[in-house]
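Understanding the architecture of this molecule
For reference, the chains in residue letters:
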Amino acid sequence: MRRTTAETDISLSVDLDGTGVGHIHTGIGFFDHMLDQVVKHSRCDISGDVKGDTEVDEHHSAEDTALALGSAFLSALGDKRGIERYGFEIVMMDDVAATVAVDFSGRDELIYDVEFTMDYVGSFPTELIRHFFRSFSSAARCNIYISATKGGNSHHTAEAIFKAFARALRK
């Protein structure tokens, strides 16, 4: 999958029948860490390179990565024969439990019930996590439900969400 805009240049590949190897390099440390969780826990082989206008901020890189990744999943799923339409997972990390459900219905919707205790994890704005999943949902034409317990450590909240999302994708 290739996505080139005025703000980003992205190339990535997705193999749904992989073993969970790969890395998406965005140059945004915490975001790369979350994307690594998607690769490992989905057991999809996903590799990519994102060049974005991070000197401005992380917004375009996060949004366009999600759009490219969602488009790659949509393309890889083809006519969706032989897949489970629904995936669901709960992941607990220390003080946080995250629940994610995915429905590859052909329609996009995001239901997001998450509050972060911090505005940033590292240099990554936590508001972009919602935007990432909204953009993925739109491009992949899937419904995503995400909730997490309130008041937990923001790093744990984000990581539990991304891991639960990946494991729901795997199903």
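An account of the accompanying structure is given in this report. (Residues numbered from 1 in each chain as written. Predicted model: local features only at pLDDT ≥ 70, side-chain atom pairs only at ≥ 80, totals over all residues. Heavy atoms only, no water.)

**Section: the packing of aromatic side chains**
What counts here: Classification of ring pairs rests on two measures: the distance between centres of Phe, Tyr or Trp rings, Trp counted by its six-membered ring, which must be within 6.5 Å, and the angle between planes, read as stacked under 30 degrees, edge-to-face over 60 and tilted in between. Under the scheme used here, helices are H or I runs from DSSP no shorter than 4 residues and strands are E runs no shorter than 2 residues, and both carry numbers assigned from the N terminus. Only protein chains enter the accessibility calculation, which uses a 1.4 Å probe. A residue is then buried if its area is under 20% of the maximum for its type, exposed if over 50%, and partly exposed in between.
Under the defined criterion, the tally for this structure stands at nine aromatic pairs. Between Phe-31 and Phe-132, the ring centres sit 5.7 Å apart and the planes meet at 80°, which makes this aromatic pair edge-to-face. Here Phe-132 lies in helix 3 (residues 127-140) and Phe-31 lies in helix 1 (residues 29-42), a separation of 101 residues in the sequence. The same class applies to Phe-31 as to Phe-132, namely buried. Seen in terms of ring centroids, Phe-132 and Phe-133 are 5.1 Å apart; in terms of plane orientation they differ by 85°. Their pairing is edge-to-face. Each of the two residues, Phe-132 as well as Phe-133, counts as buried. Ring pairing ties together the aromatic residues Phe-30, Phe-31, Phe-73, Phe-124, Phe-132, Phe-133, Phe-136, Phe-162 and Phe-165, which thus form one cluster.

**Topic: the environment of Ser-13**
What counts here: What makes two residues a contact is simply this: any of their non-hydrogen atoms within 4.5 Å.
With respect to the secondary-structure elements, Ser-13 resides in strand 2 (residues 8-15). In this structure, the C-alpha to C-alpha distance between Ser-13 and Gly-48, residues 35 residues apart in sequence, is 6.3 Å. When residues no more than four places from it in sequence are discounted, the contact partners of Ser-13 are Asp-45, Ile-46 and Ser-47.

**Some points on the sheet that holds strand 2**
Sheet strands pair via backbone hydrogen bonds, and the direction of the pair is either parallel or antiparallel. Which entries qualify depends on this criterion: The criterion for strand pairing is that DSSP finds at least two bridges linking the strands in question. Axes here refer to lines fitted to C-alpha atoms; in helices the fit is confined to the stretch in contact. Angles between the N-to-C directions go from 0 to 180 degrees.
The four strands are arranged 1-2-4-3 in an open sheet whose pairing can be described as mixed. Pairing within the sheet leaves two strands with one partner each, and these edge strands are strand 1 (2-4) and strand 3 (24-25). Where strand 2 and strand 4 (residues 45-52) come together, eight bridges link them in antiparallel fashion. Bridge assignment links Leu-12 to a residue of strand 4, and that residue is Gly-48. Seen against the sheet, helix 2 (residues 59-77) touches strand 1, strand 2, strand 3 and strand 4 and runs at an angle of roughly 35° to strand 2.

**As for helix 1**
Threshold: Residue count minus one, scaled by 1.5 Å, sets the expected span of a helix.
The terminal C-alpha atoms of helix 1, which comprises 14 residues, lie 20 Å apart, in line with the 20 Å expected from a rise of 1.5 Å per residue. Counted residue by residue, helix 1 has 10 buried out of 14 residues, so it is predominantly covered. Turning to helix 1, its buried residues are Phe-30, Phe-31, Asp-32, Met-34, Leu-35, Gln-37, Val-38, Val-39, His-41 and Ser-42. Of the residues trailing helix 1, Arg-43 is marked for its positive phi of about 60°.

**Comments concerning the nonpolar core**
Here is the rule: Nonpolar cores were defined as sets of buried Ala, Val, Leu, Ile, Met, Phe, Trp, Tyr and Cys residues, with membership established by side-chain atoms within 4.5 Å.
Ile-46, Phe-133, Phe-136, Ile-146 and Phe-165 are the most contacted members of the largest nonpolar core, which has 53 residues in total. Looking at this core, the element that brings in the most residues is helix 4 (residues 154-170), giving nine residues. Sequence-distant contacts of Ile-46, defined by excluding residues within four places in its chain, comprise Ser-13, Val-14, Val-21, Gly-22, His-23, Ile-24, Val-38, Val-39, Leu-69 and Phe-73.

Any functional reading would require information that these geometric values do not contain.
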